[in-house]
Amino acid sequence: DAATRLTVPTLCLVGEHDGSTPPDLVRGMASSIPGAEFAVLAGAHLANVEDPETFNARVLAFGE
């Protein structure tokens, strides 16, 4: 419920094979946040550790 009240730019970024926060769960959260972007990093479980270059590039691109 709190997510629906967010008013800041939001990026919901998840690894394709993340078991703790699966893509469908993150997609659902993103859909409840007005204007949120949702992105999946292919082939990753813990995306910021396994593919930090792609993860960082996606986060930095979001901030532009």
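None of these values were measured; they are calculated from a predicted model. Think of each chain on its own: its residues are numbered from 1, step by step along the sequence as written. Thresholds applied to this predicted model are a pLDDT of at least 70 for local features of residues and 80 or more for the giving and counting of side-chain atom pairs; totals over whole chains, interfaces and linings are not thresholded and use all residues. The basis for every side-chain value is the complete set of non-hydrogen atoms in the structure, without hydrogens or water.

Student: Would you explain the nonpolar core in this entry?
Tutor: Looking at soluble globular proteins, one finds that nonpolar side chains tend to be buried together. Side-chain atoms within 4.5 Å link the members of a nonpolar core, which is a set of buried Ala, Val, Leu, Ile, Met, Phe, Trp, Tyr and Cys residues. Three exposure classes are used, based on accessible area relative to the maximum for each residue type with a 1.4 Å probe and protein chains only: buried under 20%, partly exposed in between, and exposed over 50%. Judged by nonpolar contacts, A3, C12, V14, V26, A30 and I33 together constitute the single largest core of six residues. Listing elements by their share of this core, those giving two or more residues are β1 (11–15) and α1 (23–32). Contact criterion: two residues are considered in contact whenever any of their non-hydrogen atoms come within 4.5 Å of each other. In contact with V14, other than residues within four places in its own chain, are T21, P22, P23, V26, F38, A39, V40 and L41. Grouped together as the second largest cluster of nonpolar side chains are five residues, L13, A39, A44 and A47 included. Helix and strand labels come from DSSP, where a helix needs a run of H or I of at least four residues and a strand needs a run of E of at least two; each type is numbered from the N terminus.

Student: Help me out: how do you make sense of the pattern of salt bridges in this one?
Tutor: The rule for a salt bridge is simple: a side-chain nitrogen of Lys or Arg has to be within 4 Å of a carboxyl oxygen of Asp or Glu. Counted by the stated rule, this structure contains two salt bridges. A salt bridge links R27 to D24; the shortest N-O distance between them is 2.6 Å. With R27 and D24 both in helix α1, this residue pair falls three residues apart, about one helical turn. Judged by relative accessible area, which is 61%, D24 ranks as exposed. One salt bridge connects R58 with E37, and the closest N-O pair in it is separated by 2.9 Å. Of this pair, R58 sits in helix α3 (residues 52–62) while E37 is found in strand β2 (residues 37–41), placing the two residues 21 residues apart along the sequence. Residue E37 is classed as partly exposed on the basis of its relative accessible area of 34%.

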